[in-house]
Amino acid sequence: MSAVEETTREESADEAAFREKARTWLRDNAPTSAVAGTQGVAADPNEATDAVTAAKQFQAKLFDAGLAGLTWPQEYGGQGLTSRHRRIFEEEASPYPLPTGIFIIGFGMCGPTVLEHGTEEQKNRYIAPMLRGDEIWCQLFSEPGAGSDVAGLQARAVETEDGWLLNGQKVWTSGAHYCDYGLVIARTDPDQPKHRGITMFIVDMNAEGVTTRPLRQITGESHFNEVFFEDVHIPRENLVGEVNDGWRCAITTLMNERVSIGSSGGDGDPIEPYVKLLRSRGLEDDPVARDEVASLYVRQRVQRYLGMRLNESLRMGTAPGPLGSVAKLHGSIISQVSSQMGVDLVGLDAVAWEDDEQGADRWAQAVLQSPGSVIAGGTSDIQRNIIGERVLGLPKEPQVDRDLPFRELTVGTQR
Ligand SMILES: Cc1cc2nc3c(=O)[nH]c(=O)nc-3n(C[C@H](O)[C@H](O)[C@H](O)COP(=O)(O)OP(=O)(O)OC[C@H]3O[C@@H](n4cnc5c(N)ncnc54)[C@H](O)[C@@H]3O)c2cc1C
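Just so it is clear, the structure is predicted and the values come from calculations on it, not from any experiment. (Residues numbered from 1 in each chain as written. Predicted model: local features only at pLDDT ≥ 70, side-chain atom pairs only at ≥ 80, totals over all residues.)

### Section: the overall build of the chain
Secondary structure assignment for the chain yields 12 helices and 8 strands. What you see for the chain is a C-alpha radius of gyration of 22 Å, in line with the 22 Å of a compact globule of 415 residues. Within the span of the chain, comprising 415 residues, buried residues form 37% of the whole. Long-range pairs, those at least 24 residues apart, make up 72% of the contacts in the chain with a sequence separation of at least 6. (Helix = DSSP H or I, 4+ residues; strand = E, 2+ residues; numbered from the N terminus. Rg over C-alpha atoms; globule rule 2.2 N^0.38 Å. Buried ≥ 20, exposed ≤ 12 C-beta atoms within 10 Å, placed from the backbone. Contact = placed C-beta atoms within 7 Å.)

Below, the structure written as structure tokens:
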């Protein structure tokens, strides 16, 4: 069934009952106004801690009501429902500012990776507490010398009698300052070419030797961190997948990241704030302003259908491939276009407001945050490279370092 047919077909009795259940629960339990910092990015650390606690409490209630992990396997704490159920929930939830942003990396990336490559013990141990929000997860891939070229990473894990010793530095780790666990990739064999000597582990973010330092960003908030590992003991049972096969696991995480970013947004009526803005400024008959809002609306609809196609292909067990890159790239274009449009329509009010004016910083924040959307989850240049090579069939970028032992490469601090 195509995405368009899926939105227009009649709901089954089961789906209608689910909609009613979600609607009633949300009406009784969901917050109606955003709680500051509940996306885990509050500028004030105390406010952030309170916000994380509030988000955990909300997620636990959602889980206990049978409304978390809708499409995840039942044997690990999910609901085993269809993507259609998830879409229904998202539609019903769209009017509410749910404080669930801090769980996105767990649900969108780490969880799917553990489900695909983890052991039975790992799935039994970690998935349900993740879904209930009792344990929050982060993704520890990027390093100071390895971002777009993440396979050039230098964090090292050396095998010991009962596991591995991890040393090195990660950076831009979203949410590490409040996370309980993370998926880390580290070099376990520098004599193999760079994509082959990497291994993935689950790391306890409270283990001895892990230091997390929040970074302050242009918005004034601290969303991501530097993370240092000094002789961190990784127990044997925390190995994900096979030793030296971590790149395959990392690809699963990265693929899911693009899907997660590319399929977010576009629910409910995301054009509404812009239409309201148009009206409040008396611009509803201005042909240029109308045209811009209409073109944003078209982009939002396209994004929604891309997201549905991605989710559907994941549900069918097909790797979404370069479509994930298309959706990720288009999502960041929307973020830039829409934030700029907001500021253009609001005018000077976007840069100065009274202290007690609730939500007045919204447009300024959107503009300051949008460059991050071009970088996070793989930059737009990288997505364009993938689309160029895998969709348009353009020649591949030269990769002279692909088959050399990692030890011989001059990357990062390795000289
Ligand atoms: C908001 C945010 C959240 C993030 N969260 C996480 C997280 O939780 N965990 C994590 O591991 N990482 C995270 N990151 C890091 C992110 O994945 C990297 O920043 C990103 O992959 C780019 O790497 P880099 O910053 O090292 O830039 P570089 O790779 O050094 O790139 C610098 C510039 O060169 C361009 N460039 C590089 N290579 C090519 C190429 N081959 N062709 C064309 N252009 C190229 C890039 O597009 C960019 O403009 C986050 C980043 C942001 C902004």
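### Some words on the site of the ligand
Surveying the vicinity of the ligand reveals 22 residues, the closest of which are F141, G147, S148, T379 and D381. Put simply, the parts of the chain that give the shell around the ligand at least two residues each are β1 (137–140), α11 (362–375) and α12 (380–390). Its residues assigned to classes, the shell around the ligand comprises 9 nonpolar, 11 polar and 2 charged. Residues from two domains meet in the shell around the ligand; each of domain 2 (138–246) and domain 3 (263–378) gives at least three. (Near = placed C-beta within 6 Å. Nonpolar A, V, L, I, M, F, W, Y, C, P; charged D, E, K, R; others polar. Domains from an automatic or database assignment.)

### Quick word on unusual backbone geometry
Phi is positive for W172, which is not a glycine, with a value near 65 degrees. Structurally, W172 is set in the loop between β3 (163–171) and β4 (181–187). Backbone geometry at N244 places phi at a positive 65 degrees, although glycine is not the residue there. Residue N244 is classed as partly exposed on the basis of its 15 C-beta neighbours within 10 Å.

### Comments concerning the nonpolar core
The biggest cluster of nonpolar side chains holds 63 residues, and the ones touching the most others in it are L166, F201 and V203. Considering every element that reaches this core, the biggest residue donor is helix α3 (residues 45–64), with 6 residues. Counting contributing residues per domain, this core is built from domain 1 (3–99) and domain 2 (138–246), each supplying no fewer than three. Apart from the residues within four sequence positions on either side, F201 is in contact with A157, W164, V184, A186, I234, N238, L239 and V240. Counting 8 residues, the second largest nonpolar core, distinct from the first, contains M255, L310, A327 and L329. (Core = buried A, V, L, I, M, F, W, Y, C linked by C-beta atoms within 7 Å.)

### Brief notes about the packing of helix α10 (residues 322–346) against α12
Look at α10 against α12: their axes get within 9 Å of each other, and the N-to-C directions meet at 145 degrees. For the crossing formed where α10 meets α12, the hand is left-handed. Residue-level inspection shows P322, S325, V326, K328, L329 and S332 of α10 in contact with α12, the latter providing S380, Q383, R384, I386, I387 and R390. By residue class, the composition of the contact of α10 with α12 is 5 nonpolar, 4 polar and 3 charged. (Axes fitted to C-alpha atoms, helices over the stretch in contact; angles between N-to-C directions. Left-handed = near helix turned anticlockwise from the far one by under 90°.)

### So, the environment of Q59
Here Q59 is to be found in helix α3. With 24 C-beta atoms packed within 10 Å, Q59 lands in the buried category. Taking the C-alpha atoms as reference points, Q59 and P99, 40 residues apart in sequence, are found 8.2 Å from one another. The contacts of Q59, once residues within four sequence positions are left out, are A68, T100, F103, R132 and G133.

### Description of the pairing of strand β2 (residues 156–159)
Looking at chain direction, β2 and β3 are connected through 4 bridges and run antiparallel. Looking across to β3, one finds that V158 is bridged to L165. Counting the residues that bridge the hairpin from β2 to β3 gives 3 residues. (Pairing = 2+ DSSP bridges.)

### Digging into the environment of Q336
In this structure, Q336 sits in helix α10. Classification of Q336 as partly exposed rests on a count of 16 C-beta atoms within 10 Å. When the C-alpha positions of Q336 and D134 are compared, they lie 34 Å apart, and in sequence the two are 202 residues distant.

### A short note on the confidence of the model for the chain
The pLDDT averaged across the chain works out to 90; a share of 93% of its residues lies at or above 70. Scored below 50 in pLDDT, residues 1–6 makes 8 contacts in the model with residues more than four places away or belonging to other chains. (pLDDT = per-residue confidence, 0-100.)

### What to know about the packing of helix α8 (residues 272–280) against helix α9 (residues 287–315)
Two numbers describe how α8 lies on α9: the axes approach to 10 Å, and their chain directions differ by 170 degrees. Between α8 and α9, the angle is such that the two are roughly antiparallel. In this structure, α8 contributes Y274, V275 and L278 to the contact, and α9 contributes A289, V293 and L296. Classifying every residue of the contact of α8 with α9 gives 6 nonpolar, no polar and no charged. (Parallel < 35°, antiparallel > 145°, perpendicular 65-115°, else oblique.)

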